[in-house]
Amino acid sequence: MITQYKNRWLLLNQSSHCILCGLQPADDRQICQACLVDLPWIGNTCQRCAEPMHHASGSFICPQCQQKPPPYEQAIAPFEYRFPIDQLVQLAKFNGQTHYLRPLAELLSLRLQTEPRPELIIPVPLHRKRLQERQYNQAAIVAKHLARRLNIPFSNKLLLKTENTQHQADLNRKARRKNLRNSFQCVSAPPTSVAIVDDVMTTGTTAAEISRVLKQAGCQQVYIWIIARTAKELHLS
Ligand SMILES: [Zn+2]
Ligand SMILES: [Zn+2]
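All of these numbers come straight from a predicted model, not from anything done at the bench.

Looking at this model, I keep getting lost on helix α9 (residues 205-216). Mind explaining?
The periodicity of an α-helix, 3.6 residues per turn, causes residues three or four places apart in sequence to face the same way. In this model, α9 (12 residues) spans 16 Å end to end at C-alpha, consistent with the 16 Å of a helix rising 1.5 Å per residue. For α9, every residue scored as buried is listed here: Thr205, Thr206, Ala207, Glu209, Ile210, Ser211, Val213 and Leu214. Where α9 is buried, its residues touch β3 (120-123), β4 (159-161), α8 (173-180), β5 (184-186), β6 (193-201) and β7 (221-229). Directly beyond the C-terminal end of α9, a positive phi value near 115° is found at glycine 218.

And the structure:
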């Protein structure tokens, strides 16, 4: 259903119609029932890093997390980073079409209803130069929506990106880690539990580095809330 209309939905964006098929009327969520069912909902995942595990069943920890548990408690994502979620995220991130973030943030908030509530929600920060270029931080838009919906305080002041690092997408896992090391700074004492919000999680290097910084500053529990998680075959290595 979606692929049939995939070129149309890029052109159509009437608020009363579904942002994906452009045909069916949609409610507040802006996605019609049929398209909602067709979205790449994440299935079985690693309980720690949310890596999609298509062949696993029940409670599962991926080999990588078994070998070296991440510094955060749990990553949670409602979607796999595939069509059409990847397109919506890209349009929101690089094309200024931030209105696509609201329905995605709303679906993430529904996924979080039964999860532990942290004391504070923070977005993955952008360096001030990057923020000037893009004019907005897509992660902050999602985080603010979640804070409102879940009634949890939001802050974009606790954590700063102090180094304007190279784009992570251009680097492999090892280089990503090196690139990010010491590039975030926690500027005041964090509360006991914090949720870090981002649009997409790929290798998890950013999430791990921020968690490390927050825990070093005294935070006890860190949760990673993202719209979409890439499956392993999409990772750069
Ligand atoms: Zn639709
Ligand atoms: Zn894992």
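There's more to say after this.
What should I look at first to understand the coordination of the zinc ion (ligand 2) in this one?
Ideal values differ by geometry: the angle at a metal is 109.5 degrees with four tetrahedral donors, but 90 or 180 degrees with six octahedral donors. Distances from the zinc ion (ligand 2) to its protein donors, Cys46 (SG), Cys49 (SG), Cys62 (SG) and Cys65 (SG), fall within 2.3 Å. Classification of the site at the zinc ion (ligand 2) rests on its 4 donor atoms, whose angles at the metal span 103 to 113°, yielding the label tetrahedral. Binding-site remark: the zinc ion (ligand 2) is held by donors from one chain whose sequence spacing is C-x2-C-x12-C-x2-C. Pair noted here: cysteine 49 is in the loop between α2 (33-38) and α3 (63-67) and cysteine 65 is in helix α3, with a separation of 16 residues, a long-range link.

Where do I start with the coordination of the zinc ion (ligand 1) in this structure?
Every protein donor of the zinc ion (ligand 1) is listed here as Cys18 (SG), Cys21 (SG), Cys32 (SG) and Cys35 (SG), and their distances to the metal cover 2.3 to 2.4 Å. Relative to the metal, the 4 donor atoms surrounding the zinc ion (ligand 1) lie at angles of 103 to 115°, and the coordination shape comes out tetrahedral. The sequence pattern describing where the donors of the zinc ion (ligand 1) fall on their chain is C-x2-C-x10-C-x2-C. Highlighted residues: cysteine 18 in the loop between α1 (8-11) and α2 and cysteine 35 in helix α2, separated in sequence by 17 residues. Cysteine 35 shares its class with cysteine 18; the two are buried.

Quick question: what am I supposed to make of the packing of helix α5 (residues 101-111) against helix α7 (residues 138-150) here?
Each packed pair of helices is defined by two parameters, the angle between the axes and the distance between the axes. Their axes nearest at 9 Å, the elements α5 and α7 cross at an angle of 45°. Judged by the angle between their axes, α5 and α7 are oblique. Our pair here, α5 against α7, has a crossing hand that is right-handed. Note on element contacts: α7 touches α5 through Gln138, Ile141, Val142, His145, Leu146, Arg149 and Leu150, opposite Leu101, Arg102, Ala105, Glu106, Leu108 and Ser109. Considered class by class, the residues forming the contact of α5 with α7 number 7 nonpolar, 3 polar and 3 charged.

Would you mind showing me how to read the domain arrangement of the chain here?
Quoted interface sizes are often the accessible area lost when the parts come together. Split into domains, the chain comes out as domain 1 (1-38) and domain 2 (40-234). Its C-alpha centre places domain 1 at a distance of 26 Å from the equivalent point of domain 2. For the pair domain 1 and domain 2, the number of links is 0 salt bridges. Here domain 1 and domain 2 share 1 residue pair in polar contact (both at pLDDT 80 or more) between them. Secondary-structure elements contributing two or more residues to the side of domain 1 that touches domain 2 are α1 and α2. It is α2 that provides the largest number of residues to the side of domain 1 that touches domain 2, a total of 3 residues. Class assignment for the residues of the side of domain 1 that touches domain 2 results in 8 nonpolar, 2 polar and 4 charged.

Cut-offs used in this document
Residues numbered from 1 in each chain as written. Chains lettered and ligands numbered in written order. Predicted model: local features only at pLDDT ≥ 70, side-chain atom pairs only at ≥ 80, totals over all residues. Heavy atoms only, no water. Helix = DSSP H or I, 4+ residues; strand = E, 2+ residues; numbered from the N terminus. Expected span 1.5 Å × (residues − 1). Buried < 20%, exposed > 50% of the residue type's maximum accessible area, 1.4 Å probe, protein only. Contact = heavy atoms within 4.5 Å. Donors = N, O, S within 2.8 Å, 3.2 Å for Na, K, Ca; no water. Tetrahedral: all angles 85-135°; square planar, octahedral: opposite > 155°, others 65-115°. Axes fitted to C-alpha atoms, helices over the stretch in contact; angles between N-to-C directions. Parallel < 35°, antiparallel > 145°, perpendicular 65-115°, else oblique. Left-handed = near helix turned anticlockwise from the far one by under 90°. Nonpolar A, V, L, I, M, F, W, Y, C, P; charged D, E, K, R; others polar. Domains from an automatic or database assignment. Salt bridge = Lys/Arg side-chain N within 4 Å of Asp/Glu carboxyl O. Polar contact = N/O pair within 3.5 Å; in protein donor to acceptor, adjacent residues only side chain to side chain.

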